[in-house]
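So the chains spell out like this:
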Amino acid sequence: DALKKLSPEDLAKLKTALGGTKVVVVGWGPVGHAVVTKLLAKSGGALKISVISEESYPAYNRVKLSSFFEHRDPNKLALCSPEWCRQQGVELIFGRATKIDRSGKVIEVDCNGQAKSVSYDQLVIATGSKPWLPPVPGLGLEVEGVFVYRSISDIFKITERAKFSTKAVVIGGGLLGLEAAKAAYDLGLETTILEVAPHLMPVQLDLEAGKILQSKIEALGLKVKTGVKVLEIQSGEGGLQGVKIEQEGAEEVLGTTLLIVGAGVRPRQELAEACGLELGGRGGIKVDHRMKTADEHIWAVGEIASFNGGMCYQLSAPGYTQAEILSDHMTNPKADAKFGDADLSTKLKLLGVDVASFGGSSDFWFKRQYSSSGDEVMSKVSKDEAAGIYKKLVFTPDGTKLLGGILVGDISAFAPLTAVSKRPDIGGLSPDELMAGQMPKVDDGGDGTNLGDDDHVCNCHSVPKKVIREAILQGAHTFEEIKKCTKAGTGCGTCIRTGPQPKLLVHTLNQKGVEAGACKALPFAHDDIEDLAKARQLKSYEELVTHLGYPAASAESDKTALGSVLDRIGGKPKGEGLDHVAQLKALKDDLWKFVDKMNCNPILVRLAWHDAGTYDKSKTAFGERGGANGSIRFSPEISMGANNGLDKAVKYMEPFKADYPLVSYADLYQMAAAVSIEHAGGPKIDMKYGRKDATGPDQCPDPKSRGTAGNAGLPDAEPGPEGAFGCGATDAATHLRNIFYRMGFDDKGIVALSGAHTIGRAFKERSGTVKEGYGESSGCPYTVSMPKSCPIRNDGGYGVGMPGGKSWTTKWLKFDNEYFQPAVYEEKDKDLLWLSSDRCLHQDEGFKQYFMLYKDDQSAFFRDFADAYKQLSEQGAEFEPEAGVTL
């Protein structure tokens, strides 16, 4: 916006002044990324910007780290992409900065073992913080089973350990600790939270609020122990074994194999310390009001910046403000912006509980006004323990100014109350009236937000209402478009989820006469309406319009337009009222959308394949003979080694089963695979439905009943350590024939079905056949998103999803005949996977004729694969009606 106000002459002068200046930003977290975007915007692209990133992921939103378990896709947390950096001319350097040479203005970087020197004219240090480990005997990250909670890589490690754990202990009951506890809870672990203070979130909440938060968390099934001293971490063979604690004088050992430490952070100041930069009194790098250090060429922002040698702010909002001020001064020597007091207001959803703490200044927290009593402040409190709602407002002793407040359970008034706390008085109201929900009269333009033009809608990025309204008037008609224009909603997201942004958008669109979204009264996308309704617990059209919409534009026809959304928010399953065939058809549409969003084609194909692939034609009893009967969802089968990682796919399918109860699990799994294959560009399979489900673990095939070790007849990728496969064969071709002939397939079917490896990857954690595992740092060029994403989908999209592992093909989300091409089977590309069970297909004479046919004729491969997969999906199944159901 500032550049738009410059005349062409002044813009040219700015670019000349800045042209060629090389800026290096160390640290590509959210604040480091904010520095980059603001410098680009304010310099007109005249600066030469480089970013040094220790993590091999694009800059991502750490505030939403726990949402990772909803999708397992780092790209959904990303604030940008490598493509964006290339388009903007930003150089990405992946490695760890090891040394700053201030005299030579050079920074040394370790790029995966290779040294690189990067020169700079201006250096920005945005290295953030590192997790703090309390000085507890036996506590260390070298202990197997002990983790911190800070990054995507940490989550991958925790997820893997959780597969072999039933209980988790979390040290820390503050913001970080509760986020870590949510991660453990989402992984299905029995979780205990340990906090040294008398209550949870002691830095943000008072005792009563902390206790109400505790009761709501305990109601979810988690255990909370406060006033705890951690005495010792106990370990032995296999790593962590327990955590010894003391509470109210009594000692206890909590048995666990997974411990997450979320007890706080400390600034990552090693680089600055080693090069002699002045540090703050409590750590961090000392900076002035411009965010500049004692070195005229070095700046610092975010959790590493110690303002005037004092506090390092461990929240994102102050960091974004600092990035704004730094960029002002770096691009304009006459800038007068100054960093002063920081807004430490926070609003989060912790384990499903909305919690907020706001204040007019940092004194509210630093002077602990939120927990003060007596003559220092006037406090008003209301609480409903049964509902888990707590509200506390703190005023000056005379009651004329709001100093701040605490909200638990209901934070809908966060934005207007925060705005009031920043004003000199409470607009003639009494403290009791403000407590009762009345708000000072503000000219909000009739949008119902109770916010003036200069009041912040988004506290994370300090975005005032007038900026968002102007963006809407200029064409930003959705939340995503507003995010791109203003950053509002890209932090914690509560200004959208429970805050005033929806009301502002609705009112502005209707005043402008713009028709968007589902209807005039609720001009949002259907998915957005559903998300907002769930966040605010709205159950009807009337509630939606009252709390989110534009009542003057409501119409009876809206209910028809919103029918499916209203059904879902009202708790009605999608398939209610539909017969079996209609549910199957609706399910197929939903599965297509899900696969398109999640890029999970390979794991859904693998789920269905492994459910059906236990079939043994020599056995007759349902269940015992295996096959496509949904039995893979039961523990005797899902816990087999061949099924490692498929528990995630089973969980993916549960919401679909709940929405379409007339569809069996067996049909659900097979339909998901057929949809995934077709979505990836493969053949349409002539499926039939009506499969009966196995009803319990007793109908799972005996893991050793096929004479193939403990995998119920599923094939092995490689022979065991003794040189033999599970069936006893010593060569891969014989092994595959033993497995597939037992199911009724011939050589053609074996080669055709093996072609499914054209999509998918292998992981160290699942099969152990490759060294590549979960995560960006453990993948290879075709399975990671950095430094250059590979367009791997059938539609040309990138869609890596969860990075890591090793693929058989370069485009492993596209179903084609690449698997049969020389570039793959000649094994000249070390970054592609080729195992014994693949190799035999083009070496064994019986298999080779089909392999080479499919190499040259993709249509023949598609035809034979579709026939073979149809056979696989039906064998061992019982249908009702007996002829099955076709769509």
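Each value, and the rule that gives it
Residues numbered from 1 in each chain as written. Predicted model: local features only at pLDDT ≥ 70, side-chain atom pairs only at ≥ 80, totals over all residues. Heavy atoms only, no water. Helix = DSSP H or I, 4+ residues; strand = E, 2+ residues; numbered from the N terminus. Buried < 20%, exposed > 50% of the residue type's maximum accessible area, 1.4 Å probe, protein only. Polar contact = N/O pair within 3.5 Å; in protein donor to acceptor, adjacent residues only side chain to side chain. Contact = heavy atoms within 4.5 Å. Pairing = 2+ DSSP bridges. Axes fitted to C-alpha atoms, helices over the stretch in contact; angles between N-to-C directions. Salt bridge = Lys/Arg side-chain N within 4 Å of Asp/Glu carboxyl O.

Student: Help me out: how do you make sense of the side chain of T486 in this one?
Tutor: Among the secondary structure elements, T486 is positioned in helix 14 (residues 479-486). Among the residues examined, T486 registers a relative accessible area of 11% and is labelled buried. A polar contact of 2.8 Å, which involves the side chain of T486, links it to the backbone oxygen of I482. Ignoring anything within four residues of it in the chain, the contact list for T486 reads V463, V467, I468 and A471.

Student: What's the story with the sheet that holds strand 4 (residues 96-101) in this structure? I'm lost.
Tutor: To summarise the sheet geometry, strands pair through backbone hydrogen bonds and adopt either a parallel or an antiparallel arrangement. Strand order across the open sheet formed by three strands is 4-5-6, with antiparallel pairing between neighbours. Each end of this open sheet is capped by a strand with a single partner; those strands are strand 4 and strand 6 (114-119). Recorded for the sheet is a direction-independent mean angle of 25° between the axes of neighbouring strands. Note that strand 5 (residues 106-111) and strand 6 share six bridges and pair antiparallel. Paired with I107 across the two strands is V118, which belongs to strand 6.

Student: Explanation requested: the pattern of salt bridges in the structure shown.
Tutor: Any two side chains of opposite charge can pair, so long as their charged atoms come close to each other. Considering all chains together, one arrives at 52 salt bridges under this definition. Across the pair D186 and K182 runs a salt bridge, and its minimum N-O distance is 2.7 Å. Of the two residues, D186 and K182 both sit in helix 6 (residues 175-186), four residues apart, roughly one turn of that helix. A relative accessible area of 30% places D186 in the partly exposed class. We classify K182 as buried; its relative accessible area is 17%. A salt bridge links K292 to E296; the nearest nitrogen and oxygen atoms lie 3.2 Å apart.

Student: Sorry, what's going on with the sheet that holds strand 7 (residues 122-125) here?
Tutor: If you walk across this open sheet you meet the five strands as 3-2-1-7-19, and the pairing is parallel. The open sheet has two edge strands with one neighbour each: strand 3 (91-94) and strand 19 (298-300). Each strand of the sheet is rotated relative to its neighbour by a mean of 20°, with strand direction disregarded. As defined by bridge partners, strand 1 (residues 22-26) adjoins strand 7 across four bridges and the pair is classed as parallel. Residue V23 lies in a different strand from strand 7, and its bridge partner there is Q122.

Student: It is not clear to me how the side chain of D354 should be interpreted in this structure. Could you clarify?
Tutor: Locating D354 in the fold gives a position in strand 22 (residues 353-359). A distance of 3.3 Å separates the side chain of D354 from the side chain of K349, its partner in a polar contact. Excluding residues within four positions of it along the chain, D354 makes contact with L348, K349, L407, V408, G409, I411, R497 and T498.

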